[in-house]
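Given next are the chains, with one letter for each unit.
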Amino acid sequence: MRILVVDDEARLADGVRRGLEAEGFAVDVAGNGVDGLWFAEEYTYDAIILDIMMPGMSGYRVCEKLRAAGDWTPVLMLTAKDGEWDQVEALDTGADDFLSKPFSFAVLVARIRALVRRGSRERPVAIEVGDLRLDPAAKRVSRGDVAIDLTSREFAVLEFLVRNAGAVVSKRDVLDNVWDVDFDGDPNIVEVYVRHLRNKIDRPFGVTSIETLRGSGYRLGVARA
């Protein structure tokens, strides 16, 4: 298995390289984000170990650029000790896992092996259905180049529909996945939110993407005029 280590702390990077090689990995090392991105674009790796704070380009941007280019190589990001928001941003920009410094080498190896087992399947940060784009982490929705403002509940309903694009979902399905288990109100509240969504994501653009199937539920698909 071939691993790319991207870290500007030369001593740490060299230690990780030697340790991984002792475990049977082939390892390349880059000392900054720019070089790391070049290695990742030029060669094929089973996983990438990526530090956050580096000269030239941060680990966040490296990961973001790889994902934007359709590169889904598993990424383990190294974050600061107790860096809660580092960890949040790492995952939101497309990393698959994180490890706080200082870390146990045994844990690092175990996590790398786990990531390699998962493989490089596509795990997009944003979800697209035609020209409708939903970014769950950033809580952003757009159709084409136009941003759409949604309430938190509208966003939750739309996210459920988008994640099940092409499938028919019932009112009960929506309630079970968007409202909590204690909800005992009128199930027709789902109709209200679907209407709100149509008024925001469809009608202003002269298209239809949310279809009602009488007696069955709703289906979201690619917008049609």
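What comes next concerns the included structure.

Thresholds, definitions, all that
In this convention, every chain numbers its residues from 1, walking through the sequence in written order. Reporting of local features is limited, given that this is a predicted model, to residues whose pLDDT is at least 70; pairs of side-chain atoms are given and counted only at 80 or more, and all residues count toward the totals for whole chains, interfaces and linings. Note that the side-chain values use all heavy atoms of the structure and ignore hydrogens as well as water. Each helix is a run of DSSP H or I of at least 4 residues and each strand a run of E of at least 2, with the numbering of both proceeding from the N terminus. Relative accessible area decides the class of each residue, using a 1.4 Å probe on protein chains only: under 20% of the type maximum gives buried, over 50% gives exposed, and in between gives partly exposed. In this analysis, two residues are considered to be in contact whenever any of their non-hydrogen atoms come within 4.5 Å of each other. Reported accessibility uses the Shrake-Rupley method at a 1.4 Å probe radius. Residues are deemed covered only where the shown protein chains occlude them. Just so you know, the count uses Lys and Arg for positive and Asp and Glu for negative, and it drops His and the chain ends. Here the site of a charge means atom NZ of a Lys, CZ of an Arg, CG of an Asp or CD of a Glu. Nine residue types can take part in a nonpolar core, namely buried Ala, Val, Leu, Ile, Met, Phe, Trp, Tyr and Cys, and a core is a set of them joined through side-chain atoms within 4.5 Å. At least two bridges found by DSSP between two strands are what make those strands a pair. Between N-to-C directions, angles span 0 to 180 degrees; the directions come from axes that are lines fitted to C-alpha atoms, helices contributing only their stretch in contact.

**Let's talk about the overall build of the protein**
Item 1. Along the backbone of the protein there are eight helices and eleven strands.
Item 2. The burial tally for the protein puts 43% of its 225 residues in the buried class.
Item 3. Within the protein, contacts between residues at least 6 apart in sequence are counted, and of these 54% link residues at least 24 apart.
Item 4. Taken as a whole, the protein presents about 11,900 Å² of accessible surface, with 48% of it coming from carbon and sulfur.
Item 5. Considering the protein, the positive charge centre built from 30 side chains and the negative charge centre built from 38 side chains are found 4 Å apart.

**Notes on the nonpolar core**
Looking at soluble globular proteins, one finds that nonpolar side chains tend to be buried together.
Item 1. Within the largest apolar cluster, 25 residues are counted, with the highest numbers of intra-cluster contacts made by Val-157, Leu-158, Leu-161, Val-162, Val-174, Trp-179 and Leu-220.
Item 2. Those elements giving two or more residues to this core turn out to be strand 6 (127–129), strand 7 (132–135), helix 6 (152–163), helix 7 (171–178), helix 8 (189–202) and strand 11 (217–224).
Item 3. When residues no more than four places from it in sequence are discounted, the contact partners of Val-162 are Ile-127, Val-129, Leu-132, Leu-134 and Leu-220.
Item 4. With 19 residues, the next largest nonpolar core counts Val-6, Leu-37, Met-57 and Val-75 among its residues.

**Looking at the sheet that holds strand 2 (residues 26–30)**
Whenever strands of a sheet pair, they do so through backbone hydrogen bonds, lying parallel or antiparallel.
Item 1. As summarised here, the arrangement of the five strands in space is 2-1-3-4-5, forming an open sheet in which the pairing is parallel. Two strands close off the open sheet at either side, each with one partner strand: strand 2 and strand 5 (97–100). Neighbour-to-neighbour, the strand axes of this sheet turn through a mean angle of 20°, independent of strand direction.
Item 2. Relative to strand 5, helix 4 (residues 84–92) is tilted by about 155°, and along the sheet it contacts strand 4 (75–79) and strand 5.

Function cannot be inferred from these measures alone, as they are strictly geometric.
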